[in-house]
Amino acid sequence: MSATLTAGTEELLQRIHRQSLPGRLIHLAHDRGSAPALREKRLGVWQERSWAGYRDEVLATAIAMLDAGVDRGDHVAILSENREEWVFADLAAQSIGARSVGVYPTNPEPEVAYILSHSGSVLVVCEDQEQVDKVVAIRDQTPTVRRVVVVDPRGTRDYADERLVGWQSFVQAGRDQLEARAAEVLERIAALDPDEPAMIVYTSGTTGPPKGAMLSSRNVTASADAGVAAFGYSDREQCLSYLPLCHVAEKIFTLYLPLATGAVVHFGESIDTVADDLREVSPTVFVGVPRIWEKMHSSVLVKMGDSSRLKRALFRAGQAQGQRLSAKKQAGKRWNPLDHLVWKVFDLLVFRPLQERLGLRRCWFPVSGAAPVAPELLRWFHGIGVPIAEGYGQTECAGVSHANPPDAVKIGTVGPVIPGVECVLGAGDEVLVRGPQVFVGYLHNEEATRETVDADGWLHTGDVGAVDEDGYLSITGRIKDIIITAGGKNLSPEQIENQMKTSPYIKECVAIGDGRKFISALIQIDADNVGDWASRRGVAYTSFQDLTSKDEVVQLVDTEIRRCNEGLARVEQVRAFRLLPKELHQDDEELTATQKVRRTAFYERYAALIEEMY
Amino acid sequence: MDAPADQRALRRAPDRSGTPLVRFEEVTLTFSGITAIDDVSFEVYPGELYAIIGPNGAGKTSTFNCISGVYRPTRGRVEIAGTDVEALQPHQVTRLGVARTFQNVELFPMLTTLENLLVGRHIHYTSKWLGDGIFRGRARRQEIANRAKVEEIIEFLNLERYRDLPASFLPYGVQKRIELGRALVMEPELLLLDEPAAGMNQEETEDVARYLLDVQEELDITQILVEHDMGVVMDLADRVTVLDFGRKIAEGDPEDVQRDPEVIRAYLGDHAEVQ
């Protein structure tokens, strides 16, 4: 295949511009050929795919999609966890001029039905039987879907739905025509308009139904180029793709950035094996959402509780010194020789083994994004030599507008604007952003688009922020979530909640206090860690609900809240709490697909529990 | 069990026109005067998911043990793929392509998931001690092939995250799945499952049901399943035999058997009203 591409297509290659992701892939494959582009762990072994192989699969998939009647402006939905086929399908759709639509594999049927019918998707790529069952069940509501391609057809062989086809046979038809029709797809890639929508990213929608943000090729390439320029992201980076690819954060790290430089992307075995995969890959850049960092933090704390007294003492000393030294560095003060020596010693004894265990030893750019993270958690990670840089951006500006540079992180801020982006504070200190990253608009929703982007091109983020003297932005909360207490204080519930979630025993926290005399909270305990704690103390329990009703557990959470309160201003401190009798779940419409609490639904459902506290 | 049950109607019925894989002919088994199995006959065809159900002590596990060669029938005959198992030892029955799982988990507690599964490949090792010692030639090729098969089953049963953890550290439901995996890596033609859902919660039971359907559809393995939980069987099995006090009281597809007055009586007692 590579031969045919270089022979008569040199001229064609010249015409393919680098303002689209498929265009970048074609150029990278041409320049890098057999160098590794993707690795996927299959049957326990990491399998490598070259840039040329990557391109060929995308072209073959595109040919197959053309044969299935997919055309420019159509929508191709993908319901799968992260795997090679996800990016093949995405880039193939874009190559044709169609748009990819990522759907969370955890979405229940009604939400899948909404997205498929709202986007009018014509082809759906399903990972396995679980996803196929949903798409088959909602057939009546999604008349536009003509083809359902199943990556792992296990268990669906005898399904009567004639739209189903296995991924292998679907793409094989494209591979067989690769020689003959590659040029056809390449012509389409060359003809791509950078300002046309290339993908739809549905926002999770903590209020109302999800909205489909249309991102153009220019949006996403501009976002990647700014990241490369600002942080020195090179072609030698290694990363692990594990957050949902329907979210823009993982799209940046799996698609935009690697296709900007030629870095290698790894796909692990499954969502359950992230910790092991991370250790094996040891990526150089890693993006985590706060929940991931919270989980790592609590797993270390719990393991430490089980270790010897010596180790615990060393760990505590290392933490103290590490936090002191990283704070000193951030304050802009130079380390003296003793500081260097202390760091070196603890690096050897504590930090290095810990980082290796977490899989972050080689990681020079650990990023936190997608939701606000507690400063205390970041300080803890900085204190073990993992200098997490918080970033910020909307889906509507291709995922990122601000980020802390890795060598000048300021904890508690989301960093300065990235190159090419302008940012000002508007009415009520709302953060407004402008630049080539700002999206095309919401799919089939002109009105919402007008409300979000004003006539001058400013994107209204809905977040309240403040900018310091160095141009670092800090976000204080969502405009619509701001709590105004009976005493007239404006507070951000997220800050309070994140502070509470630094406790390994608190998994979810919802702060309440709008129009009230004080702040209260509903707490969901972390079933694993509290369960572990209970069995260690010989507290017998049967179920989650039973666990939450134990006096000992209530006492434990009370102590934890008191401790967490110390990091908050007096008016922000949580004065009363109740434990939720069940775990919040997406299926019960309490959480979004990104595991954010749907506040309105939540307040209604737990109104009685809330009133009890006042 | 919603999804598998819904799809059930779409599945092909196994072909019962050929020769049966298992022939259980007028078998009687007595232990010092107690009759565990009383003149029971049935046939299981290739590709079938066949269930034997009945109240506790009905003779289900004894039937199993007759098939696997652990017990010798007092009277009657058991044939697997045309071979009379009468004269065979249990390990020789295994060579006929028969694998089984146990009612209680029987794993090596301190071996990892991977190692426990590799044990199941035992019958496929044919190398000699010298080759094994230097790990060259056939020994090496075999080790790689065996590992590959084990990895396939690890993927099939979604056991990736437990690969390197000792079996005894794992939840009960996972241990049962590993045991199923150990039977599957043997690449059997006939799989005997002794209460695969015993002691499991609702969710784990649904998982098991899904895996057993996958085993039937994707791996084409004939399965005989012993269960006392009617619910599990009704959604899964192609045909069911019901035993009561060692006697066969009904046989047929799950729907019919469920409505059989004899069966209802056996399960609910003599005074139950037949609806």
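Just so it is clear, the model here is predicted, and its values are computed rather than measured.

Visitor: Would you take a moment to explain the overall build of chain A for this structure?
Guide: In terms of helices and strands, chain A carries 23 helices and 25 strands. Here the C-alpha atoms of chain A give a radius of gyration of 25 Å, agreeing with the 25 Å that 2.2 N^0.38 yields for 614 residues. In terms of overall dimensions, chain A has a C-alpha envelope of 70 × 60 × 55 Å along the principal axes. Counting the 614 residues in chain A, one finds 50% classified as buried. Sequence separation of 24 or more characterises 66% of the internal contacts of chain A that already satisfy a separation of 6 or more.

Visitor: Help me understand the overall build of chain B, please; the structure alone is not making it clear to me.
Guide: If you tally the helices and strands in chain B, you get eleven helices and ten strands. For 275 residues, the compact-globule formula gives about 19 Å, and the C-alpha radius of gyration of chain B, at 19 Å, lands near that figure. Counting every position in chain B, which comprises 275 residues, the buried fraction comes to 39%. Summarising the internal contacts of chain B: among those between residues at least 6 apart in sequence, 67% fall at separations of at least 24.

Visitor: Even after reading the chapter, I still don't get helix α6 (residues 109–119) of chain A, so can you show me in this structure?
Guide: Every α-helical turn comprises 3.6 residues, leaving residues that sit three or four positions apart pointing alike. Residues and elements named next belong to chain A. For α6, the set of buried residues is Glu111, Val112, Ile115, Leu116, His118 and Ser119. In the core, the buried residues of α6 are packed alongside β3 (75–79), β4 (99–103), β5 (123–126), α7 (129–137), β8 (197–202) and β9 (212–216). The first or second residue beyond α6 is Gly120, which carries a positive phi of 65 degrees.

Visitor: Where do I start with the sheet that holds strand β11 (residues 264–267) of chain A in this structure?
Guide: In a beta sheet, neighbouring strands are held together by backbone hydrogen bonds and run either parallel or antiparallel to one another. All names here are of chain A. In space, the four strands of this open sheet follow the order β2-β1-β11-β10, with mixed pairing throughout. Each of the sheet's edge strands pairs with one partner strand only, and the pair in question is β2 (45–50) and β10 (238–241). Sheet twist, expressed as the average angle between the axes of neighbouring strands with direction ignored, equals 25 degrees. Two elements, strand β1 (residues 36–42) and β2, share six bridges in a ladder whose sense is antiparallel. From the neighbouring strand, Glu40 faces β2, where its bridge partner is Gln47. On the sheet, helix α4 (residues 51–67) packs against β1 and β2 and is oriented at approximately 80 degrees with respect to β2.

Visitor: Sorry if this is basic, but what is going on with the nonpolar core here?
Guide: For soluble globular proteins, the rule of thumb is that nonpolar side chains tend to be buried together. By size, the foremost hydrophobic cluster in this structure holds 144 residues, and its most contacted members are Met65, Val76 and Val124 of chain A. Sorting elements by how many residues they give to this core places α4 of chain A first, with ten residues. Here this core spans two domains, since at least three of its residues come from each of domain 1 (2–192) and domain 2 (285–479) of chain A. Once residues within four sequence positions are removed from consideration, Val124 of chain A is found in contact with Ala77, Leu79, Leu116, Val135, Val145 and Val148 of chain A. In this structure, Val22, Val44, Val93 and Leu213 of chain B belong to the second largest nonpolar core, which totals 68 residues.

Visitor: I keep staring at the environment of Leu25 of chain A and nothing clicks. Help me out?
Guide: Residues and elements named next belong to chain A. Along the chain, Leu25 falls in helix α3 (residues 21–32). The spatial distance from the C-alpha of Leu25 to the C-alpha of Gly531 is 48 Å, given a sequence separation of 506 residues. With residues near it in sequence (within four places) discarded, Leu25 still touches Tyr54, Arg55, Val58, Leu91 and Leu259.

Visitor: What's the story with the confidence of the model for chain B in this structure? I'm lost.
Guide: Detailed reading of the predicted coordinates is not advisable wherever pLDDT is low. All names here are of chain B. Per-residue confidence for chain B gives a mean pLDDT of 85, with 92% of residues at or over 70. The spread of mean pLDDT over the elements of chain B runs between helix α1 (residues 2–8), the lowest at 43, and helix α4 (residues 113–120), the highest at 94. A low-confidence stretch, residues 1–10 stays under pLDDT 50, and its non-local contacts, those more than four residues away or across chains, total 14 contacts.

Visitor: Help me out: how do you make sense of the interface of chain B and chain A in this one?
Guide: Size of an interface: often given as the accessible area lost when the parts come together. With 17 residues of chain B at the interface, the matching set in chain A holds 13 residues. The biggest single contributor to the side of chain B that touches chain A is helix α6 (residues 137–156) of chain B, with five residues. Of the residues that constitute the side of chain B that touches chain A, the class distribution is five nonpolar, one polar and eleven charged.

Visitor: I tried to follow the pairing of strand β6 (residues 147–150) of chain A on my own but got confused; where do I start?
Guide: As a general feature of sheets, a regular strand has side chains that alternate between the two faces. All names here are of chain A. Here β6 shows no split at all, with Arg147 and Val149 on one side and Val148 and Val150 on the other all buried. Inspection of the sheet shows β5 paired to β6 by four bridges, in the parallel sense. Along β6, the bridge assignment pairs Val124 with Val148. For the handedness criterion, the β-α-β arrangement of β5, α7 and β6 is classed as right-handed.

Visitor: Mind showing me how you'd approach helix α9 (residues 178–190) of chain A here?
Guide: Residue and element names in this part refer to chain A. With 13 residues, α9 should cover 18 Å at 1.5 Å per step; its first-to-last C-alpha distance of 17 Å lies within 8% of that length. Turning to α9, its buried residues number three or more, namely Ala182, Val185, Leu186 and Ile189. When α9 is viewed along its axis, its buried side chains cluster within an angular range of 105 degrees and face the same direction.

Cut-offs applied
- Residues numbered from 1 in each chain as written.
- Chains lettered and ligands numbered in written order.
- Predicted model: local features only at pLDDT ≥ 70, side-chain atom pairs only at ≥ 80, totals over all residues.
- Helix = DSSP H or I, 4+ residues; strand = E, 2+ residues; numbered from the N terminus.
- Rg over C-alpha atoms; globule rule 2.2 N^0.38 Å.
- Buried ≥ 20, exposed ≤ 12 C-beta atoms within 10 Å, placed from the backbone.
- Contact = placed C-beta atoms within 7 Å.
- Pairing = 2+ DSSP bridges.
- Axes fitted to C-alpha atoms, helices over the stretch in contact; angles between N-to-C directions.
- Core = buried A, V, L, I, M, F, W, Y, C linked by C-beta atoms within 7 Å.
- Domains from an automatic or database assignment.
- pLDDT = per-residue confidence, 0-100.
- Nonpolar A, V, L, I, M, F, W, Y, C, P; charged D, E, K, R; others polar.
- Right-handed = clockwise from strand over helix to strand, strands pointing away.
- Expected span 1.5 Å × (residues − 1).
- Arc of directions from axis to C-beta.

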